[in-house]
Amino acid sequence: MELIYEIGGTGRGLDLLPECDVEVTEMPESLKRNTMPGLAEVSETEISRHYTRLAGRSYGINNGFYPLGSCTMKYNPKVNEAASALPGFTMIHPLQSEKSIQGCLKVIKDLSDDLCEICGMDSFSLQPAAGAHGELTGLLLIKAYLREKGETNRTKIIVPDSAHGTNPASAVMSGFTVVNVPSGSDGCVDLEALKAAVGDDTAGLMLTNPNTVGLFDKNIKAVTDIVHDAGGLCYYDGANLNAIMGICRPGDMGFDVVHVNLHKTFSTPHGGGGPGSGPVGCKAFLSDHMPGGSADIDKDGNYIWKKASKSIGDMKGFHGNFLVAVKALSYILSLGRDGIVKTAQNAVLNANYMRVALKDTFDMAYDETCMHEFVMDLGSLKEETGCAAIDVAKGLLDMKMHPPTMYFPLIVHEALMAEPTETEPREMLDLAVENLKKLKEMAQKEPESLHSAPHDTCVGRPDEVKAARNPVVRFVRKED
Amino acid sequence: MGSYIPNTDNEQQQMLKASGYKDFDDLFKTIPSDLKLDRELELPEGRSELEVLSIMERTADKNKVFRHIFRGAGAYDHFIPSIVKSVVGKEEFITAYTPYQAEISQGILQSIFEYQTAICELTGMAVSNASVYDAGTAAAEAVNMCRDRKRSSALISSLTPPHIRSVMETYCFGTDTKHLEIPQKDGQTDTDELKKLLASDDSIACVYIQQPNFYGIFEDIDKIAEITHEAGARLITGVNPTALGIMKSPADSGADIAVGDAQPFGLPLSFGGPYIGFMACTEKLMRNLPGRIVGETTDNDGNRAFVLTLQAREQHIRREKAGSNICSNEALCALTAGVYLAAFGAKGLAEVALQCMSKAHYLKKGLEKIGFTGLYDKEFFHEFVTDCPGDALEITEYLETQGILGGLPIGENRILWCVTEKNTKADMDSLIKILENKKWN
């Protein structure tokens with residue numbers, strides 16, 4: 001399909017502004033642009049149709065099932081969007097006076113308080129803009145705390161080999177070195193390996209629980225105890241919080257710092273890759289290091305800004321992705337204390353319902369009760385038929401479904417990780433199970449058709465090697 | 001209570017049975033009982049949509065919305081064409097995940113490719129990423145791009161906006177990067193001091209300059225680039241994207257990396273976010289650029305197709321060896337910027353920039369006639385600093401009572417003003433009149 005730069009024509013455009021009503025000040029010669037930027041020249045009709053076509057070549061939760069493991073692609077309620085579009089939120093400048101932003105401060109205070117209660121933490125910062133950004137924030141809190149105590153010898157962050165890639169990358173951006181520990185055969189932390197890894201140089205541990213294979217690590221308290229006994233701190237990656245909210249809390253498992261993904265657990269949309277929001281919570285002993293500002297109420301009942309006394313500084317300009325916070329607050333208000341528990345229960349139920357229905361079709365990497373997601377291991381199918389996880393995933397595209405996450409976690413080689421979420425009706429889960437069973441049959445009977453799938457999408461499999469070898473990362477207009 | 005769970009209680013029970021579980025307790029038995037919360041969460045009960053919306057409306061009403069805004073400092077009140085809101089409101093864009101499955105994500109991928117192209121066109125750079133969180137994180141990531149074993153420290157202009165500088169400093173704390181401030185002279189970064197700093201330390205990897213700077217004044221980027229490169233360091237410029245409609249591009253001035261916030265391209269003020277950090281660089285630095293990058297290729301039938309590319313740079317492949325941890329970015333905001341630029345085009349953007357600049361000059365002259373003093377006599381874009389005939393806070397508080405968000409107080413008697421194309425001559429005349437008629441202490 002054409003790019004926006006390949007449609008329209010010279011001189012086309014929209015009539016958007018009145019004429020300048022003051023004397024024109026020209027740019028000084030030495031600072032002027034040499035050439036006009038090559039932007040589109042299109043009419044409003046063409047813009048409208050162009051993006052409608054692009055929307056038709058995209059796939060959102062509104063289009064269908066999206067069981068992308070570890071991404072919690074639940075339905076994004078429209079009331080959240082309506083709340084965040086209120087002019088009383090969208091038209092507020094970030095540097096307005098305290099008395100003119102009482103509503104914004106209330107949103108920040110209420111959401112922070114709710115997240116503290118849900119996670120078992122003592123304070124929250126809404127400044128981090130995404131999960132990875134939250135990880136960086138949390139690790140900097142740990143760094144600042146250790147520096148203050150003079151424990152500069154603690155330079156290592158322990159990360160299980162099943163962790164999200166952002167964990168080790170965040171540790172390095174915080175100036176730590178990474179110690180990878182292997183998972184046990186049950187997919188959980190190997191306590192002996194962990195004991196061997198901790199020491200005087202341990203700054204902390206980063207962990208997801210339920211972990212990245214969808215299991216609740218029942219030894220979690222032992223894990224956090226081992227790290228604490230060695231003098232380290234425990235960081236909770238909240239990517240999988242959806243499975244347990246209202247049922248148990250990271251703070252009670254022994255974690256000192258957490259981040260949550262509002263764009264996963266708290267139903268705010270992913271927007272094709274962002275904006276997200278990754279608030280960070282911590283126990284009281286770390287609160288003085290929190291970034292940015294938090295909101296409080298003074299004795300007269302007015303909302304005020306509060307700065308941590310030994311803050312690590314700002315993680316992001318201003319106050320984080322505020323409108324995302326508005327959506328998350330609206331979601332928590334809708335759910336309430338009961339709805340939060342029911343959400344977790346049904347996220348886990350939907351996953352187990354699918355797991356049980358599929359366990360005679362595909363090998364389960366860990367054949368036991370899972371939490372919100374489960375991992376299928378297509379290793380034996382690949383051996384038998386030559387069809388790998390990617391082929392089954394691409395086959396699902398022809399059935400108008402988004403595939404599960406492929407090739408993650410790295411400890412399962414032909415992994416397909418499915419997270420249906422609580423917002424899917426039973427019929428959709430049944431259909432997904434049926435489709436996956438069909439795909440296995442296809443792998444056995446006509447593997448070639450899966451190797452070349454998808455057949456029914458607007459493009460076939462793109463040549464990724466070509467894209468990387470010969471990077472074309474922008475459009476260049478051909479000279480006439 | 002809106003829990004958004006389609007299956008009824010009855011259906012849930014059937015599904016539990018079908019999966020071999022007695023009840024939800026049975027389903028959750030893998031969680032040790034001593035870890036389970038033995039009480040209800042201390043949160044209110046769930047509410048209906050009508051109640052939720054009315055609570056949120058009441059909360060929003062506690063904020064004051066200003067009709068006339070003369071405040072910028074990193075968040076700019078520009079006109080947003082209606083087509084922008086209409087396009088960005090499409091559910092397929094809003095509810096999609098990162099485009100990992102390229103075959104069903106061509107729309108998102110293409111929109112990012114078009115955005116990257118626009119950023120390259122505006123900055124003059126060879127390559128742009130798919131976005132980072134905002135201006136501050138873009139600047140901080142740019143510093144990380146420049147660091148290596150030999151050169152690991154950074155020089156940051158003292159005229160960098162505080163909301164950007166503070167983020168850069170936090171990231172520097174993370175990587176233990178030494179950073180020094182380049183002092184200012186008469187409202188511009190002091191180039192003599194820059195030379196001295198570069199000469200005194202051969203570990204400097206990069207220099208960061210804001211264009212226009214925090215006071216709205218244009219810096220001499222050509223000269224700064226020359227000085228920086230002579231010392232073997234790299235130049236990062238943080239640029240106002242609207243100004244790029246008429247201003248010499250960072251690449252033409254010799255910068256190696258251009259970053260900034262594309263918030264002025266169609267994103268409302270939103271109390272500071274979501275905004276969008278753009279990052280573009282020379283071809284030489286392409287493989288140091290963090291974040292997602294969309295590339296063009298072909299599918300197995302030779303059709304044009306777009307994919308996430310150069311992923312060997314990224315955390316999900318490289319883990320601790322990745323240059324950055326960024327994963328989620330601000331894709332929907334990139335789409336917003338793309339539609340905004342399609343709507344305005346190069347001519348329209350130049351007009352927006354020219355109107356901002358012209359109107360800012362008009363207001364400055366007007367304020368100077370009533371006892372405000374322009375602080376520096378330098379070329380500026382759409383922001384400028386005045387010393388005031390009264391207390392800056394008192395002045396802005398008074399303006400608030402008149403429904404006007406005045407400039408940002410940045411000193412006892414000092415205000416940083418901002419004017420955009422949305423401010424009419426009549427608004428400015430009225431602002432001047434209000435200020436003129438009031439006696440200050």
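Residues numbered from 1 in each chain as written. Chains lettered and ligands numbered in written order. Predicted model: local features only at pLDDT ≥ 70, side-chain atom pairs only at ≥ 80, totals over all residues. Heavy atoms only, no water.

### Observations concerning the overall build of chain B
Moving on, step 1. Across its full length, chain B holds 15 helices and 17 strands.
Moving on, step 2. In terms of principal-axis extent, the alpha carbons of chain B reach across some 80 × 55 × 50 Å.
Moving on, step 3. Counting over 441 residues, chain B shows a buried share of 66%.
Moving on, step 4. In chain B, 69% of the contacts between residues at least 6 apart in sequence involve partners at least 24 apart.
Moving on, step 5. Accessible surface, chain B: about 15300 Å² in total, of which carbon and sulfur atoms supply 46%.
Moving on, step 6. The positive charge centre, built from 45 side chains, and the negative charge centre, built from 62, are 3 Å apart in chain B. (Helix = DSSP H or I, 4+ residues; strand = E, 2+ residues; numbered from the N terminus. Buried < 20%, exposed > 50% of the residue type's maximum accessible area, 1.4 Å probe, protein only. Contact = heavy atoms within 4.5 Å. Areas by Shrake-Rupley, 256 points an atom, 1.4 Å probe, with all protein chains shown as cover. Lys, Arg positive; Asp, Glu negative; His and termini not counted. Charge placed at Lys NZ, Arg CZ, Asp CG, Glu CD.)

### Digging into the packing of helix H5 (residues 131-148) of chain A against helix H8 (residues 162-175) of chain B
Moving on, step 1. Two elements in contact, H5 of chain A and H8 of chain B, have axes whose closest approach is 10 Å; the angle formed by their N-to-C orientations is 65 degrees. As summarised for this structure, H5 of chain A and H8 of chain B are arranged roughly perpendicular, according to the angle between their axes. Note that H5 of chain A runs across H8 of chain B; the crossing there is left-handed. Along the contact surface, H5 of chain A presents His133, Leu136, Leu140, Lys143, Ala144 and Arg147 of chain A, while H8 of chain B presents Thr170, Tyr171, Phe173 and Gly174 of chain B. (Axes fitted to C-alpha atoms, helices over the stretch in contact; angles between N-to-C directions. Parallel < 35°, antiparallel > 145°, perpendicular 65-115°, else oblique. Left-handed = near helix turned anticlockwise from the far one by under 90°.)

### As for the packing of aromatic side chains
In this description, a pair of aromatic rings is defined by centroid distance and the angle of the planes.
Moving on, step 1. Within the structure shown, the criterion is met by 18 aromatic pairs over all chains.
Moving on, step 2. Seen from their ring centres, tyrosine 5 of chain A and phenylalanine 475 of chain A are 5.8 Å apart, and the 10 degrees between their planes marks the pair as stacked. A residue pair is termed long-range when its members are at least 10 positions apart, and tyrosine 5 of chain A in the segment before helix H1 (44-56) and phenylalanine 475 of chain A in the segment after helix H15 (464-469) qualify at 470 residues.
Moving on, step 3. With relative accessibility at 7%, the residue tyrosine 5 of chain A sits in the buried group.
Moving on, step 4. Measuring from centroid to centroid gives 6.1 Å for phenylalanine 214 of chain B and tyrosine 215 of chain B, while their planes differ by 40 degrees, and the two rings are tilted.
Moving on, step 5. A relative accessible area of 13% means that phenylalanine 214 of chain B is categorised as buried.
Moving on, step 6. A connected cluster of aromatic rings, assembled from ring pairs, spans Phe89, Trp305 and Phe322 of chain A together with Phe271 of chain B. (Phe/Tyr/Trp six-rings, centres within 6.5 Å; stacked < 30°, edge-to-face > 60°.)

### Brief notes about the nonpolar core
Moving on, step 1. Counting residues in each nonpolar core, the largest one holds 106 residues, and the members touching the most others are Ile244, Phe266 and Met376 of chain A.
Moving on, step 2. Of all the elements, helix H10 (residues 322-358) of chain A adds the most residues to this core, at 19 residues.
Moving on, step 3. Discounting residues that sit within four places of it in the chain, phenylalanine 266 of chain A has contacts with Leu115, Ile118, Leu241, Met245, Val260, Asn261, Ala328, Tyr331 and Ile332 of chain A.
Moving on, step 4. In terms of nonpolar packing, the next biggest core, distinct from the first, is built from 97 residues, Met27 and Tyr51 of chain A together with Ala255 and Ala346 of chain B among them. (Core = buried A, V, L, I, M, F, W, Y, C linked by side-chain atoms within 4.5 Å.)

### Regarding the interface of chain B and chain A
Moving on, step 1. Contacts between the two partners involve 179 residues from chain B and, on the opposite side, 199 residues from chain A.
Moving on, step 2. Counting across the chain B and chain A interface gives 11 salt bridges.
Moving on, step 3. Across the pair glutamate 6 of chain A and arginine 304 of chain B runs a salt bridge, and its minimum N-O distance is 2.8 Å.
Moving on, step 4. Where chain B packs against chain A, one counts 94 residue pairs in polar contact (both at pLDDT 80 or more).
Moving on, step 5. At 24 residues, the largest contribution of residues to the side of chain B that touches chain A is made by helix H13 (residues 331-369) of chain B.
Moving on, step 6. Among the residues forming the side of chain B that touches chain A, the class breakdown is 87 nonpolar, 52 polar and 40 charged. (Salt bridge = Lys/Arg side-chain N within 4 Å of Asp/Glu carboxyl O. Polar contact = N/O pair within 3.5 Å; in protein donor to acceptor, adjacent residues only side chain to side chain. Nonpolar A, V, L, I, M, F, W, Y, C, P; charged D, E, K, R; others polar.)

### Points about empty space enclosed by the protein
Moving on, step 1. In the structure shown here, the tally under the stated rule is 8 cavities of 30 Å³ or more.
Moving on, step 2. As for the largest cavity, its lining consists of 19 residues, and the residues nearest its centre are Gly74, Tyr76, Pro161, Gln210 and Asn240 of chain B.
Moving on, step 3. Elements represented by at least two residues in the lining of the largest cavity include exactly H8 and strand E9 (257-261) of chain B.
Moving on, step 4. When grouped by side-chain class, the residues that make up the lining of the largest cavity number 9 nonpolar, 8 polar and 2 charged.
Moving on, step 5. In this model, the second largest cavity occupies a volume close to 90 Å³.
Moving on, step 6. For the second largest cavity, the lining is made up of 14 residues, of which Pro160, Ser162, Leu207, Thr208 and Asn211 of chain A are closest to its centre. (1 Å grid on protein atoms, 1.4 Å probe; cavity = no way out; pocket = protein on both sides within 12 Å on 5 of 7 lines; lining within 4 Å. Points joined across faces, edges and corners; volume = space filled by probe spheres on them.)

### Some thoughts on the domain arrangement of chain A
All names here are of chain A.
Moving on, step 1. Along its sequence, chain A is carved into domain 1 (79-334) and domain 2 (336-465).
Moving on, step 2. Of note, the centres of domain 1 and domain 2, computed from C-alpha atoms alone, are 30 Å apart.
Moving on, step 3. Opposite the 27 residues of domain 1 that make contact, domain 2 presents 22 residues.
Moving on, step 4. In this assembly, domain 1 packs against domain 2 so that about 1800 Å² is buried in total across both faces, 66% of it on carbon and sulfur atoms.
Moving on, step 5. Inspection of the domain 1/domain 2 interface yields 0 salt bridges.
Moving on, step 6. No other element matches H10, which puts 4 residues into the side of domain 1 that touches domain 2.
Moving on, step 7. Residues of the side of domain 1 that touches domain 2, tallied by class, amount to 13 nonpolar, 12 polar and 2 charged. (Domains from an automatic or database assignment. Buried area = accessible area lost by both parts, 1.4 Å probe.)

### A word on helix H12 (residues 389-397) of chain A
Moving on, step 1. With 8 of its 9 residues buried, H12 of chain A lies for the most part within the structure.
Moving on, step 2. Residues of H12 of chain A that are buried make contact with helix H11 (379-385), strand E12 (405-406), strand E13 (415-418), helix H13 (426-445) and helix H14 (447-451) of chain A.

### Re the side chain of lysine 359 of chain B
Moving on, step 1. Locating lysine 359 of chain B in the fold gives a position in helix H13.
Moving on, step 2. Taking the relative accessible area as the measure of exposure, lysine 359 of chain B reaches 3% and is therefore buried.
Moving on, step 3. A polar contact is formed between the side chain of lysine 359 of chain B and the backbone oxygen of glutamate 421 of chain B, at a distance of 3.1 Å.
Moving on, step 4. A polar contact of 3.0 Å, which involves the side chain of lysine 359 of chain B, links it to the backbone oxygen of asparagine 423 of chain B.
Moving on, step 5. Beyond its immediate chain neighbours, meaning those up to four positions away, lysine 359 of chain B contacts Cys20, Asp21 and Val22 of chain A together with Val419, Thr420, Glu421, Asn423, Thr424 and Met428 of chain B.

### A closer look at the pairing of strand E3 (residues 153-157) of chain B
Residue and element names in this part refer to chain B.
Moving on, step 1. Along E3, 5 of the 5 residues are buried, which leaves the element largely enclosed by surrounding structure.
Moving on, step 2. Alternating residues of E3 divide into Ser153, Leu155 and Ser157 and Ala154 and Ile156, and every residue in both groups is buried.
Moving on, step 3. Looking at chain direction, E3 and strand E7 (residues 204-211) are connected through 4 bridges and run parallel. Bridge pairing in E7 links alanine 154 to cysteine 206.
Moving on, step 4. Bridge count for E3 against strand E4 (residues 179-182) is 4 bridges, and the pairing is parallel. (Pairing = 2+ DSSP bridges.)

### A short note on the pattern of salt bridges
Moving on, step 1. Evaluation of the coordinates by the stated rule reveals 47 salt bridges over all chains.
Moving on, step 2. Salt-bridge contacts for lysine 143 of chain A lead to aspartate 176 of chain B; the nearest nitrogen and oxygen are separated by 3.1 Å. Residue lysine 143 of chain A is found in helix H5, and its partner aspartate 176 of chain B is found in the loop between H8 and E4; the two belong to separate chains.
Moving on, step 3. The class of aspartate 176 of chain B is partly exposed, set by a relative accessible area of 44%.

### Notes on the environment of asparagine 346 of chain A
Moving on, step 1. Of note, asparagine 346 of chain A is situated in helix H10.
Moving on, step 2. On the accessibility criterion, asparagine 346 of chain A (0% relative accessible area) is buried.
Moving on, step 3. Through-space distance from the C-alpha of asparagine 346 of chain A to that of histidine 372 of chain A is 8.5 Å; in sequence the pair is 26 residues apart.
Moving on, step 4. In this view, asparagine 346 of chain A contacts Glu422 of chain A together with Ile5, Gln12 and Phe24 of chain B; residues no more than four positions away in its chain are not counted.
Moving on, step 5. In this structure the side chain of asparagine 346 of chain A is engaged in a polar contact, spanning 2.9 Å, whose partner is the backbone oxygen of lysine 342 of chain A.

### Examining the state of the cysteines
Moving on, step 1. Tallying each qualifying case throughout the model produces 0 disulfides over all chains.
Moving on, step 2. Of all cysteine sulfurs in the structure, the one in cysteine 119 of chain A sits closest to cysteine 248 of chain A, which takes part in no disulfide; the separation is 11 Å.
Moving on, step 3. Take cysteine 248 of chain A: its relative accessible area is 0%, and that puts it in the buried class.
Moving on, step 4. Here cysteine 206 of chain B is not cross-linked by a disulfide; its sulfur's nearest cysteine counterpart is in cysteine 146 of chain B, at 4.4 Å.
Moving on, step 5. The class for cysteine 206 of chain B is buried, based on a relative accessible area of 1%. (Disulfide = S-S within 2.5 Å.)

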